[in-house]
Structures are given as C-alpha cells and as structure tokens.
Amino acid sequence: MSFCATINCLDGRTQQPVVNYLMQRFNVKYVDMLTDAGPLGILTDTPDSERALLFEERVDTVIRVHDIKELAITGHWDCRGNPVPRETQIEQMGDVVRRYRKLYPQLTIIGLFVGEEGEIEEIEIS
Ligand SMILES: [Zn+2]
C-alpha cells in the first residue's frame, strides 16, 4: 500500500479532483486528507495557532503511520474559509510550501490549485 497526503480545504468540491490527481501524480493508492476551512489562510495568517500546529502534528502522524513521501498544499476557487483572490492564495501557498520544505526536507512538497470546474493546476514553487 502506498500513500501520499494533502493539506486541503474541507470543501467537498475539492476532495475527489485532488484525490484523483494525486493518485496519478505520485502513483499512490491512497491520499490522506488533512482538512480545515481554508487551510492556506490559517497557515499563513496564524502560523503559531493551535489550528495551524495541528497540521504539523497530523503531517507527523501520516509520515509515521503511512510512510508518506509526498505532500500537496492545496487551495481552491471560491474558498469560503479563505476568501481571498487566487493570486493571494498562490502567495500563501508559496509561503506554506517553502516553510514545510524546511520542516520536512525528506518530503516532496507541491502546490495545487483547484479551479471552478474541478480542474487541477500544479503551481510551480521554488
Ligand atoms: Zn475552501
């Protein structure tokens, strides 16, 4: 069995497209979904909050129990939990991806954006 993980919104419109994309992208059988309402906003506006730190705790857990090697940081169109424009979400995503790459150098970490029709865009983050 192989797993990867994503930090994703709890918005149901984002779940299936992200799972489908990541199963192919990383050739895994399962995708562990770590969710909250608008995680990009939580992780950049209040990075030291309990809600933000809970993500690190859960990433630690999926590394330990499922030996994940890949993590996607996901944002999406029309996010009610993080109601900022796409460009702002991409900036937030960059901040989170870079911070998590420092925290988890053993993981491949990518950014994803889910569009209005459920289409997935992989965001280049250096
Ligand atoms: Zn959302």
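The residue numbers shown here count from 1 along each chain, following its written sequence. Since the coordinates come from a predicted model, pLDDT governs what is reported: local features require at least 70, and pairs of side-chain atoms require 80 or more to be given and counted, while whole-chain, interface and lining totals use all residues.

Asker: Please explain the overall build of the protein chain as it appears in this structure.
Answerer: On a plain count of helices and strands, the protein chain comes out with 4 helices and 5 strands. Going along the chain from the N terminus, every DSSP run of H or I of four or more residues is numbered as a helix, and every run of E of two or more is numbered as a strand. Put simply, the protein chain runs from its N terminus to its C terminus through helices and strands in the order β-α-β-α-α-β-α-β-β. Only C-alpha atoms enter the radius of gyration; for comparison, a globular chain is expected to reach 2.2 Å times N to the power 0.38, where N is the number of residues. Relative to the compact-globule value of 14 Å for 126 residues, the protein chain shows a C-alpha radius of gyration of 13 Å, a close match. If one aligns the C-alpha atoms of the protein chain with their principal axes, the spans along those axes are about 35 × 35 × 25 Å. Classification of the 126 residues of the protein chain by burial places 33% in the buried group. C-beta atoms are first placed from the backbone for all residues, and any pair lying within 7 Å is then listed as a contact. For the protein chain, contacts bridging at least 24 residues in sequence account for 73% of all contacts bridging at least 6. Exposure classes come from backbone-placed C-beta atoms, where a residue is buried if 20 or more other C-beta atoms lie within 10 Å of its own, exposed if 12 or fewer do, and partly exposed in between.

Asker: I keep staring at the pairing of strand E3 (residues 70–76) and nothing clicks. Help me out?
Answerer: In the case of a regular strand, side chains alternate between the two sheet surfaces. Across the 7 residues of E3, 6 count as buried, placing the element largely inside the fold. Strand pairing is assigned whenever DSSP detects at least two bridges linking the two strands. Of the strand pairs in this sheet, strand E1 (residues 3–9) and E3 are connected by 3 bridges, and their pairing is parallel. Bridging from a neighbouring strand, Ile7 pairs with Ile73 of E3. As judged from the 7 bridges shared by E3 and strand E4 (residues 108–114), these two strands associate in the parallel manner. If you follow Ile73 over to E4, its bridge partner there is Gly111. Clockwise travel from the first strand over the helix to the second, with the strands pointing away from the viewer, marks a crossover as right-handed. Remark: the E3/helix H4 (residues 86–103)/E4 crossover connection has right-handed handedness.

Asker: So what exactly am I meant to see when it comes to the nonpolar core here?
Answerer: Nonpolar side chains tend toward joint burial in soluble globular proteins. Here, a nonpolar core denotes buried Ala, Val, Leu, Ile, Met, Phe, Trp, Tyr and Cys residues that are linked to one another through C-beta atoms within 7 Å. Grouped together as the largest cluster of nonpolar side chains are 24 residues, with contacts concentrated most on Cys4, Ala5, Leu22, Leu71, Ala72, Ile73 and Leu112. Put simply, the parts of the chain that give this core at least two residues each are E1, helix H1 (15–25), helix H2 (39–45), helix H3 (50–66), E3, H4 and E4. In terms of residue count, E4 provides more of this core than any other element does, 5 residues in total.

Asker: Sorry if this is basic, but what is going on with unusual backbone geometry here?
Answerer: Unusually for a residue other than glycine, Asn27 sits at a positive phi of about 50°. Along the chain, Asn27 turns up in the loop between H1 and strand E2 (30–36).

Asker: Teacher, can you tell me more about H1 here?
Answerer: Residues spaced three or four apart along an α-helix face the same direction, because each turn holds 3.6 residues. All of the buried residues along H1 are Val18, Tyr21 and Leu22. The buried residues of H1 occupy an angular sector of 95° when projected down its axis, which confines them to one face. In H1, the exposed positions that point more than 90 degrees away from the buried face belong to Gln16 and Gln24. Elements in contact with the buried residues of H1: E1, E2, E3, E4 and strand E5 (120–123). Asn27 occupies a position one or two residues after H1 and carries a positive phi of about 50°. Starting at the helix axis, one direction is taken to each C-beta atom, and the arc is that of these directions.

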